[in-house]
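# Structure assessment
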Amino acid sequence: MSTIVEKIAQIEAEMARTQRNKATAGHLGLLKARLAKLRRELITPKGGGGASEQGFEVSKTGDARVGFVGFPSVGKSTLLSNLAGVYSEVAAYEFTTLTTVPGCIKYKGAKIQLLDLPGIIEGAKDGKGRGRQVIAVARTCNLIFMVLDVLKPLTHKKLLEHELEGFGLRLNQQPPNISFRRKDKGGVNLNATVAQSELDLDTVKSILSEYKIHNADITLKFDATTDDLIDVIEGNRIYIPCIYLLNKIDQISIEELDVIYKIPHCVPISAHHHWNFDDLLEMMWKYLQLVRVYTKPKGQLPDYSSPIVLHHEHTSIEAFCNKLHRTIAKEFKYALVWGSSVKHLPQKVGIDHILNDEDVVQIVKKV
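Our subject in this report is the structure included herewith. (Residues numbered from 1 in each chain as written. Predicted model: local features only at pLDDT ≥ 70, side-chain atom pairs only at ≥ 80, totals over all residues. Heavy atoms only, no water.)

### Overview of the packing of aromatic side chains
Under the definition given, this model contains three aromatic pairs. The interplanar angle of 50° and the centroid separation of 5.5 Å between the aromatic rings of Phe68 and Phe145 together place this pair among those described as tilted. Remark: Phe145 occurs in strand 4 (residues 143-149) and Phe68 occurs in strand 1 (residues 64-69); sequence separation between them is 77 residues. Accessibility assignment for this pair places Phe68 and Phe145 in one class, buried. When the centroid spacing of 4.9 Å and the interplanar angle of 70° are considered together, the rings of Tyr294 and Tyr304 count as edge-to-face. Of this pair, Tyr294 sits in strand 12 (residues 290-295) while Tyr304 is found in strand 13 (residues 303-311), placing the two residues 10 residues apart along the sequence. Lys157 extends its terminal NZ or CZ atom over the ring of Tyr244, reaching a point 4.8 Å from the ring centre. (Phe/Tyr/Trp six-rings, centres within 6.5 Å; stacked < 30°, edge-to-face > 60°. Helix = DSSP H or I, 4+ residues; strand = E, 2+ residues; numbered from the N terminus. Buried < 20%, exposed > 50% of the residue type's maximum accessible area, 1.4 Å probe, protein only. Lys NZ or Arg CZ within 6 Å of the ring centre and 35° of its normal.)

See the structure below:
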């Protein structure tokens, strides 16, 4: 293991030494590609899957999963205890939490699983302090709460983002708009619909050669960087929304709080005093982008107490049927929908119709 870590350190040192200009762009791209490959080997060793660390992975329950990530002793366990009413050991020393502690809250009809992960330390992406297992669980979440100490937020934020990015997590980003297709022959074909400031054909070829790809069609639909291209080639990047929780606001002044409120993706809270939890839960709901759909049995009023919760990527009638029971889609004839996704109330729709939040659906089966 140390050899991979040493190789990573050598490449990072060489990148720091190399001047950034047009002449060295190809070489830097090559080094970044090598670095990405080594990082992938570090996450998934070549010897296959291997047994997972005991006590880390927690079975997925509820409609969405939120992970608490942060350095030790920033108040993650206190926050979980006060939000979900689950006891996660709290003490005044670091590394109190040693395994993943799950909790569950019900918000706006959706069950949301909260995971209190052990504290991450600097160098976690290189395998220090069980950081790899912690970040591996973070990769399975729908949203990340990055818990920061309000007295030193920016230094912690940068370090944590660096650790998570080393593991292929991209926070509050969209997948790069690059189409990449391998082919059997014909060499590398590069098309750009926008003028490129960093990538040219030689740089792209040098990056692809590191992955032993010599024939591919690449279309760049925005001004892309070498990192964007490597992310697309690697194909194992996970794009997760993230909310930065600035904890312990009872220790700062009102003026400082006003400044903090202007930072994007941030919510100032006090886990100990239960301050600003409403704002936090509202922002969590906005970032999770869940869609609630209510069922309506024939001749009865809709059941508003237990909605079917869908993810914003899969909100068709078919996804709704599969969430109810996998046999319903086969017997489906049509559906009647009341809500903002239709023009008439009710409207007869097919299986491909896309639902909006708080629609009411009645399904009619084939006889």
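### Remarks on helix 5 (residues 153-165)
A rise of 1.5 Å per residue sets the reference length of helix 5, with its 13 residues, at 18 Å; its end C-alpha atoms lie 18 Å apart and thus fit the reference within 8%. The complete set of buried residues in helix 5 reads His156, Leu160, Glu161, Glu163 and Leu164. Along the axis of helix 5, the buried residues cluster in a sector spanning 160°; they form a single face. Of the exposed residues in helix 5, the ones pointing more than 90 degrees away from its buried face are Leu154, Thr155 and Lys158. (Expected span 1.5 Å × (residues − 1). Arc of directions from axis to C-beta.)

### Looking at the sheet that holds strand 7 (residues 188-192)
With mixed pairing, the three strands of this open sheet are ordered in space as 6-8-7. Here the strands that pair on one side only, and so sit at the sheet edges, are strand 6 (178-182) and strand 7. Averaged over all pairs of adjacent strands, the angle between their axes in this sheet comes to 10°, without regard to strand direction. As paired strands, strand 6 and strand 8 (residues 216-220) are joined by five bridges and run antiparallel to one another. Residue pairing across strands places Ile178 opposite Leu220, the latter belonging to strand 8. The strands that helix 6 (residues 201-210) touches are strand 6, strand 7 and strand 8; relative to strand 7, the one it contacts most, it runs at about 130°. Its contacts with the sheet put helix 7 (residues 226-234) on strand 6 and strand 8, and the angle it makes with strand 6 is roughly 45°. (Pairing = 2+ DSSP bridges. Axes fitted to C-alpha atoms, helices over the stretch in contact; angles between N-to-C directions. Contact = heavy atoms within 4.5 Å.)

### Brief notes about the sheet that holds strand 12
An order of 13-12-16-14-15 is seen for the five strands of this open sheet, with the pairing classed as mixed. Both outer strands of the open sheet, strand 13 and strand 15 (347-349), are each paired with one neighbouring strand and no more. In this sheet, neighbouring strand axes are inclined to one another by 40° on average, regardless of whether the strands run parallel or antiparallel. Alignment of strand 14 (residues 332-338) against strand 16 (residues 359-365), held across six bridges, turns out to be antiparallel. Its bridge partner being in strand 16, Trp338 is matched across the sheet by Val360. Helix-sheet contacts for helix 10 (residues 317-324) involve strand 12, strand 13, strand 14, strand 15 and strand 16, and the interaxial angle to strand 13 is about 115°.

### With respect to the pairing of strand 16
Strand residues, when the strand is regular, have side chains that alternate between the two faces of the sheet. Taking burial as the measure, the seven residues of strand 16 include five buried ones, the bulk of the element. Across three bridges, the pairing between strand 12 and strand 16 is parallel. Counterpart to Tyr294 in the pairing with strand 16 is Val360.

### Details of the nonpolar core
Among the nonpolar cores identified, the biggest contains 61 residues, and Val66, Phe68, Leu79, Leu114, Phe145, Leu245 and Met284 are the most heavily contacted of them. Among the elements that make up this core, the one with the highest residue count is helix 9 (residues 277-288) (eight residues). Residues within four places of Leu79 in sequence aside, it is in contact with Phe68, Val147, Leu245, Ile269, Ala271, Phe277 and Leu280. By size, the runner-up hydrophobic cluster in this structure holds 18 residues, among which are Val204, Ala216, Leu220 and Leu229. (Core = buried A, V, L, I, M, F, W, Y, C linked by side-chain atoms within 4.5 Å.)

### Overview of the packing of helix 6 against helix 7
Between helix 6 and helix 7, whose axes approach to 11 Å, the crossing angle comes to 40°. Seen from above, helix 6 lies across helix 7 with right-handed handedness. Contacts from Thr203, Val204, Ile207 and Leu208 of helix 6 reach helix 7 at Thr226, Leu229, Ile230 and Ile233. Considered class by class, the residues forming the contact of helix 6 with helix 7 number six nonpolar, two polar and no charged. (Left-handed = near helix turned anticlockwise from the far one by under 90°. Nonpolar A, V, L, I, M, F, W, Y, C, P; charged D, E, K, R; others polar.)

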